[in-house]
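Secondary and tertiary structure notes
Each chain, letter by letter, is given below.
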Amino acid sequence: MKIYKYAVGPLGTNCYLMVDEATREAVIVDPGDTTPDRILNAARDKQCRVTAILITHGHFDHVLSLNELREATGAPLLHHEAETALLHDNDKNMFHRYSRLNPTFAPADRLLADGDTVTVGQSSLTVCHTPGHTPGSLCLFDYEAGAVLTGDTLFRESAGRYDFPGGDYDTLMASLAKLVKACDGRDMKLFPGHGPSTHLYHELEHNLYLN
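What you see is a predicted model, and the numbers here were worked out from it, not measured in a lab.

This paragraph deals with the sheet that holds strand β9 (residues 138-142). Read from one edge to the other, the open sheet built from 6 strands follows the order β7-β8-β9-β10-β13-β14, with strand pairing classed as mixed. Looking along the sheet, the strands with just one partner apiece sit at the ends: β7 (117-120) and β14 (198-199). Examined bridge by bridge, β7 and strand β8 (residues 123-129) share 4 bridges and lie antiparallel to one another. In the sheet register, T117 faces β8, and the bridge partner there is T126. Set on the sheet, helix α5 (residues 169-182) makes contact with β8, β9 and β10 (147-151); between it and β9 the angle comes to about 5 degrees.

Written out as structure tokens, the structure reads:
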């Protein structure tokens, strides 16, 4: 799949548009913009049809335009089954701490589990459950493209916070080891939830959380 990255919203959250080039089907990952316009315009510019919306976790900065995008596209929402409680609690998902908003979200159309596959046209994503930042944090592997969307589990030369509700340091460390193992020795390109993209081999050398 072709991966397009857009830094959006008040915290510069990376929203991704992943497009299967053979069918022009696409998924939106982490719609963190304050309005859906930029993301919808990107999908129109790429001449693709959004068939799913995925969130790597339910923190407020990753879901700011979730409701509007679901309405505009009619696409189903997918997230890990362990993230349900956080997404629907505006204390845990940080809306009450960092914004004046008090949104409600309809339930997910599909709850994901570790090892599940999400089909996008002729391409597929493999779900890797990586708790620690939140209970239901996940990474999305596109093995054919050699790419991983890491959410807020792993950043360039850093890792996600574990002091928010549902976070835990030891769990995060275990998830990072799991992520590395799932790369199966390949120098996968890593696309985090914030900041620049990176590569696994770079992180193995420079990221203290992996050393």
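Here we take up the pairing of strand β4 (residues 49-54). With 5 bridges connecting them, strand β3 (residues 25-29) and β4 associate as parallel partners. From the neighbouring strand, V29 faces β4, where its bridge partner is L54. You can see the chain leave β3, run along helix α1 (residues 37-45) and come back into β4, and the turn it takes is right-handed.

The relative placement of two aromatic rings is captured by the distance of their centres and the angle of their planes. Scanning the entire structure with this criterion turns up 6 aromatic pairs. Plain terms: the ring middles of F60 and F95 are 5.8 Å apart, the flat faces sit at 70 degrees to each other, and that makes the pair edge-to-face. In this pair, F60 sits in the loop between β4 and α2 (66-73) while F95 sits in helix α4 (residues 95-98), placing the two residues 35 residues apart along the sequence. Ring geometry for F141 against Y143: centres 5.1 Å apart, planes inclined by 25 degrees, an arrangement best described as stacked.

Following the sequence through the fold, L40 ends up in helix α1. Residue L40 is classed as buried on the basis of its relative accessible area of 15%. It is 9.9 Å that separates the C-alpha atoms of L40 and L17, two residues lying 23 residues apart in sequence. If we ignore the near neighbours within four places in the chain, the residues touching L40 are L69, A72 and T73.

For the structure shown, the criterion picks out 5 salt bridges. R70 serves as the salt-bridge partner of D109, at 3.0 Å between the closest nitrogen and oxygen. Pair noted here: D109 is in the loop between α4 and β6 (110-112) and R70 is in helix α2, with a separation of 39 residues, a long-range link. In this structure R70 comes out as buried when scored by relative accessible area, which is 15%.

Another point: the sheet that holds strand β1 (residues 2-8). The sheet built from 6 strands is open, its strands ordered β1-β2-β3-β4-β5-β6 with mixed pairing. The two strands at the open ends of the sheet, each matched to only one other strand, are β1 and β6. Along the sheet, successive strands turn relative to each other by an average axial angle of 25 degrees, direction set aside. As paired elements, β1 and strand β2 (residues 13-19) share 7 bridges and run antiparallel to each other.

Turning to a nonpolar patch on the surface, a few remarks are in order. Side chains of Y162, Y169 and Y209 sit close together on the surface and give an oily, nonpolar patch of about 270 Å² of accessible area. Structurally, Y169 is set in helix α5.

A water-sized probe, rolled over the atoms, reveals where empty space remains. Taken as a whole, the largest pocket holds about 160 Å³ of empty space. As for the largest pocket, its lining consists of 13 residues, of which L11, H59, D61, D152 and F164 are closest to the centre. Its residues assigned to classes, the lining of the largest pocket shows 6 nonpolar, 4 polar and 3 charged.

With respect to the secondary-structure elements, T130 resides in the loop between β8 and β9. Setting aside residues no more than four positions away along its own chain, T130 makes contact with S137, L138, C139, T153 and S175.

About the criteria used
- Residues numbered from 1 in each chain as written.
- Predicted model: local features only at pLDDT ≥ 70, side-chain atom pairs only at ≥ 80, totals over all residues.
- Heavy atoms only, no water.
- Pairing = 2+ DSSP bridges.
- Helix = DSSP H or I, 4+ residues; strand = E, 2+ residues; numbered from the N terminus.
- Contact = heavy atoms within 4.5 Å.
- Axes fitted to C-alpha atoms, helices over the stretch in contact; angles between N-to-C directions.
- Right-handed = clockwise from strand over helix to strand, strands pointing away.
- Phe/Tyr/Trp six-rings, centres within 6.5 Å; stacked < 30°, edge-to-face > 60°.
- Buried < 20%, exposed > 50% of the residue type's maximum accessible area, 1.4 Å probe, protein only.
- Salt bridge = Lys/Arg side-chain N within 4 Å of Asp/Glu carboxyl O.
- Patch = residues over 30% accessible without salt bridge, like charges linked within 9 Å, V, L, I, M, F, W, Y side chains within 5 Å.
- Areas by Shrake-Rupley, 256 points an atom, 1.4 Å probe, with all protein chains shown as cover.
- 1 Å grid on protein atoms, 1.4 Å probe; cavity = no way out; pocket = protein on both sides within 12 Å on 5 of 7 lines; lining within 4 Å.
- Points joined across faces, edges and corners; volume = space filled by probe spheres on them.
- Nonpolar A, V, L, I, M, F, W, Y, C, P; charged D, E, K, R; others polar.

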